[in-house]
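The lines below spell out each chain.
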Amino acid sequence: MKNKKKQGIEVPKFIIYTAKTIQFVSTDWVAKFGAKIFTTPIKHKTPKRELQMDKNANQSKVFVPKIKKEVNVYQYGNSDKKILLVHGWSGRGTQLYKIADELLNKGYSTVSYDAPAHGKSGTKTTLMPEFIATNLELERLYGPFEFAIGHSLGGMALLNSVKRGLNIKKLVVIGSGDKIIDILHEFVKKLELKPIVAEKMRLLFEKRFGEPMENYAAHYAAKSVKIPTLVIHDKNDYEVPISCGINIHKHLENGTFFETEKLGHRKILGDDNVIKKTIEFINE
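In this report, we go over the structure that sits alongside the text. If you're wondering where the values come from, they're calculated on a predicted model, not measured in any experiment. (Residues numbered from 1 in each chain as written. Predicted model: local features only at pLDDT ≥ 70, side-chain atom pairs only at ≥ 80, totals over all residues. Heavy atoms only, no water.)

1. Observations concerning the pattern of salt bridges
According to the stated counting rule, one finds 13 salt bridges in the structure shown. Residue K106 pairs with E102 through a salt bridge whose shortest N-O separation is 4.0 Å. Classification of K106 as partly exposed rests on a relative accessible area of 44%. Residue E102 is classed as partly exposed on the basis of its relative accessible area of 25%. Measuring nitrogen to oxygen at the nearest pair gives 3.1 Å for the salt bridge that ties E206 to R202. Note that E206 and R202 are positioned in helix α9 (residues 195-209) at a spacing of four residues, about one turn of the helix. (Salt bridge = Lys/Arg side-chain N within 4 Å of Asp/Glu carboxyl O. Buried < 20%, exposed > 50% of the residue type's maximum accessible area, 1.4 Å probe, protein only. Helix = DSSP H or I, 4+ residues; strand = E, 2+ residues; numbered from the N terminus.)

Structure, rendered in structure tokens:
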């Protein structure tokens, strides 16, 4: 149990205390507070291991009309064979640097970005539909892409992007989440709030987007994905359980599942066997 706590994302104590205080007054109010926190990623300083990609990539600001937000884009390498890389929640466009470096060695170039409210991109809040809109806009501006690779929420967003028309030959999703309601319940649990708050948050988001949030569930999107898709997930991922990856794979028409062990949710991105499997898959 101790390992689970170490590998999970810790919620600051003052946020938990504030949430529990608001809940005592009104579950409707705390649902609004929770929704605000849920859509506000934590910005982390770029670690030293990612600085080479940050330095060598051609960076530019791109406006995404559909969401009326600007994102920071990284063009890494000069090959016409381009691969779209999408980071997860509280990540950065350089987070998949080790995969990107190996792709460059194999003759590819990559396009990645800091999602809205992440890294060097502006605004403070975001949600998966904005990742999807960005993916489709970058395809219009920088595509066509040969393949796409996404981690965590980035994997969910890519499955939904393919469902909505992203034209690629193959897809790789690593440590992807699945059901939106499960993610909300896990978030509410970390805030030490009542389960009803998760349901009220769901209703708030559905009112905002005008459709059921489960329309964005990864396994639901997977039903519409016909291209070869590699699902990679670690059995010791305590932030996103391996059951998510298994369920996504179950609903794919042309899916391959690769299980790892003792890598958790983030170390998996730098694992040599994971990178080797990814390269082999896209080169098959």
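2. What about the sheet that holds strand β3 (residues 82-86)?
Strands belonging to one sheet form pairs held by backbone hydrogen bonds; the direction of such a pair is parallel or antiparallel. Here eight strands make up an open sheet; going across it, the order is β1-β2-β4-β3-β5-β6-β7-β8 and the pairing mixed. Sheet topology places β1 (58-64) and β8 (255-260) at the edges, where each strand pairs with a single neighbour. Between one strand axis and the next, the sheet turns through 20° on average, direction left out of account. In this structure, β3 lies alongside strand β5 (residues 147-151), joined through four bridges in parallel fashion. (Pairing = 2+ DSSP bridges. Axes fitted to C-alpha atoms, helices over the stretch in contact; angles between N-to-C directions.)

3. A short note on the nonpolar core
Among the nonpolar cores identified, the biggest contains 58 residues, and L138, L159, L171 and M201 are the most heavily contacted of them. Leave out the neighbours within four places in its chain, and L171 touches A148, L158, L159, V162, I227, P228, T229, L230 and F281. Core analysis: the second largest hydrophobic core is formed by 27 residues, I83, A100, F258 and I279 among them. (Core = buried A, V, L, I, M, F, W, Y, C linked by side-chain atoms within 4.5 Å. Contact = heavy atoms within 4.5 Å.)

4. A look at the pairing of strand β7 (residues 229-234)
Counting buried residues in β7 gives six out of six residues, a clear majority hidden from the surface. The alternating pattern of β7 places T229, V231 and H233 on one face and L230, I232 and D234 on the opposite face, and all of these are buried. Of the pairings in the sheet, the one linking β7 to β8 comprises six bridges and is parallel in character. In the strand pairing of β8, T229 is matched with G255.

5. Some points on the side chain of D178
Here D178 is to be found in the loop between β6 (170-174) and α8 (180-190). Although D178 is buried, it forms no salt bridge, and the closest oppositely charged side chain is K179 at an N-O distance of 5.5 Å. Among the polar contacts made by the side chain of D178, one reaches the main-chain amide nitrogen of H219 at a distance of 2.8 Å. Once residues within four sequence positions are removed from consideration, D178 is found in contact with M156, A217, A218, H219, C244, N247 and I248. (Lys, Arg positive; Asp, Glu negative; His and termini not counted. Polar contact = N/O pair within 3.5 Å; in protein donor to acceptor, adjacent residues only side chain to side chain.)

So far we have only geometry, and geometry alone does not tell us how the molecule works.
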